[in-house]
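Reading the structure
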Amino acid sequence: MMPSITEVLAILDDQVSANRLSHMRRVSETARDLAVQYGADPTKAALAGLLHDYAKERPDKDFLEAIETFGLDSDLKNWGNDVWHGFIGSYLIETELGISDQDILKAVRYHTTGRPGMSLLEKIVYIADYIEPGRDFPGVEVARELVAHSLDQAVAYETAHTIAYLAQKGMPIYPKTLETYNSYCQYMKGL
Ligand code: GDP
Ligand code: FE
Ligand code: FE
């Protein structure tokens, strides 16, 4: 069973701050538009976009517990909210909200790191999160232009820039993010 957007909005109101919810609504709209443009299911795109940061404001202990409950790789314990909220968040959405649609769950699961071989819906949510109209950072305009031509180019650009940003700040890069880069960097040629 797929809940309606209205039902999900009521639930999210209790899970995240007003600012976070506004971001999630903009990602939802952006993802719906991209789905129409690229022939994905607009309803699934809107729902995945709306839900993608469901777990973003949960305390660390919820994620550490979930790693045990869902039998996830214990190496995850060495990371933090940035890496946890999408990956582990998808399991919380499944069990707490009863959402069983695997396309939606995977789009949430990989919205931060991406992965090699992303589905159309996964690419759409990954990019929508980066280019939603509230985003304002150097390079976002380029990403918005690229997505008009090619989702793969936009994925490559976003991943390259995220890695450069993290490296510049001396932050650790999650292996899945590097795998995504290696898999999509071929699309950076000519950019
Ligand atoms: P948000 O949840 O809407 O803020 O956006 P994201 O889920 O895409 O990213 C959350 C944060 O995780 C951002 O600050 C990213 O720069 C950061 N991030 C993305 N990839 C990685 C990674 O591989 N390692 C680490 N440590 N952080 C990452
Ligand atoms: Fe996120
Ligand atoms: Fe987000």
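Being a predicted model, the structure only gives us computed values, none of them experimental.

Right, let's talk about the confidence of the model for the protein chain for a bit. Summing up the model confidence of the protein chain, the mean pLDDT is 97 and the portion of residues at 70 or higher is 100%. When mean pLDDT is taken per element in the protein chain, helix α7 (residues 120–131) scores highest with 99 and helix α1 (residues 5–15) scores lowest with 94.

This part covers the coordination of the iron ion (ligand 2). Every protein donor of the iron ion (ligand 2) is listed here as Asp 53 (OD), His 85 (NE2) and His 111 (NE2), and their distances to the metal cover 2.1 to 2.2 Å. Donor residues binding the iron ion (ligand 2) come from one chain and are separated in sequence as D-x31-H-x25-H. The distance between the iron ion (ligand 2) and the iron ion (ligand 3) comes to 3.5 Å, and Asp 53 binds to both of them. Of this pair, Asp 53 sits in the loop between α3 (42–51) and α4 (60–69) while His 85 sits in helix α5 (residues 81–97), placing them 32 residues apart in sequence. For the pair Asp 53 and His 85, one class covers both residues: buried.

Turning next to the site of ligand 1. Lining the immediate surroundings of ligand 1 are 17 residues, of which Lys 56, Thr 112, Pro 172, Tyr 174 and Thr 177 lie closest. Contacts to ligand 1 include Thr 112, whose side-chain N or O atom sits 2.7 Å from an oxygen atom. A distance of 3.1 Å separates an oxygen atom of ligand 1 from a polar side-chain atom of Asp 129. Counting atoms within 2 Å of the grid points, the majority share of ligand 1 lands in the largest pocket. Among the secondary structure elements, those contributing two or more residues to the shell around ligand 1 are α2 (18–38), α5 and α9 (151–168). If one sorts the elements of the shell around ligand 1 by residue count, α9 sits on top with three residues. In terms of residue class, the shell around ligand 1 is made up of five nonpolar, six polar and six charged.

Evaluation of the coordinates by the stated rule reveals seven aromatic pairs. Above the ring of Tyr 91, the side-chain terminus of Arg 109 is found at 4.6 Å from the ring centroid. Over the face of the ring belonging to Tyr 110 we find Arg 115, whose NZ or CZ atom lies 5.4 Å from the ring centre.

Turning to α1, a few remarks are in order. Turning to α1, its buried residues number three or more, namely Val 8, Leu 9 and Leu 12. Projected down its long axis, α1 carries its buried residues within an arc of 105 degrees, all on one side. Facing away from the buried side of α1 by over 90 degrees, the exposed positions are Thr 6, Asp 13 and Asp 14. Buried residues along α1 sit against α2 and α3.

For the structure shown, the criterion picks out 13 salt bridges. Close ionic contact of Asp 103 with Lys 44 constitutes a salt bridge, the shortest N to O distance being 2.7 Å. Separated by 59 residues along the polypeptide, Asp 103 in helix α6 (residues 102–109) and Lys 44 in helix α3 bring together distant segments of the chain. Asp 103 gets classed as partly exposed once you look at its relative accessible area, which sits at 39%. By relative accessible area, Lys 44 is classed as buried at 17%. Glu 68 is paired through a salt bridge with Lys 77; the nearest N and O atoms lie 2.7 Å apart. Shared partners join several salt bridges into a network, and the residues in it are Arg 58, Lys 61, Asp 62 and Glu 96.

With that out of the way, let us pick up the nonpolar core. Counting 55 residues, the largest nonpolar core has Leu 12, Leu 51, Leu 76, Ile 88, Ile 93 and Ile 127 as the members making the most contacts within it. For this core, the leading source of residues is α7, giving eight residues. Apart from residues no more than four positions distant in its own chain, Ile 127 is found in contact with Leu 34, Val 147, Leu 151, Ala 154, Val 155 and Glu 158.

Thresholds applied
- Residues numbered from 1 in each chain as written.
- Chains lettered and ligands numbered in written order.
- Predicted model: local features only at pLDDT ≥ 70, side-chain atom pairs only at ≥ 80, totals over all residues.
- Heavy atoms only, no water.
- pLDDT = per-residue confidence, 0-100.
- Helix = DSSP H or I, 4+ residues; strand = E, 2+ residues; numbered from the N terminus.
- Donors = N, O, S within 2.8 Å, 3.2 Å for Na, K, Ca; no water.
- Buried < 20%, exposed > 50% of the residue type's maximum accessible area, 1.4 Å probe, protein only.
- Near = heavy atom within 4 Å.
- Polar contact = N/O pair within 3.5 Å; in protein donor to acceptor, adjacent residues only side chain to side chain.
- 1 Å grid on protein atoms, 1.4 Å probe; cavity = no way out; pocket = protein on both sides within 12 Å on 5 of 7 lines; lining within 4 Å.
- Sits in = over half its atoms within 2 Å of the grid points.
- Nonpolar A, V, L, I, M, F, W, Y, C, P; charged D, E, K, R; others polar.
- Phe/Tyr/Trp six-rings, centres within 6.5 Å; stacked < 30°, edge-to-face > 60°.
- Lys NZ or Arg CZ within 6 Å of the ring centre and 35° of its normal.
- Arc of directions from axis to C-beta.
- Contact = heavy atoms within 4.5 Å.
- Salt bridge = Lys/Arg side-chain N within 4 Å of Asp/Glu carboxyl O.
- Core = buried A, V, L, I, M, F, W, Y, C linked by side-chain atoms within 4.5 Å.

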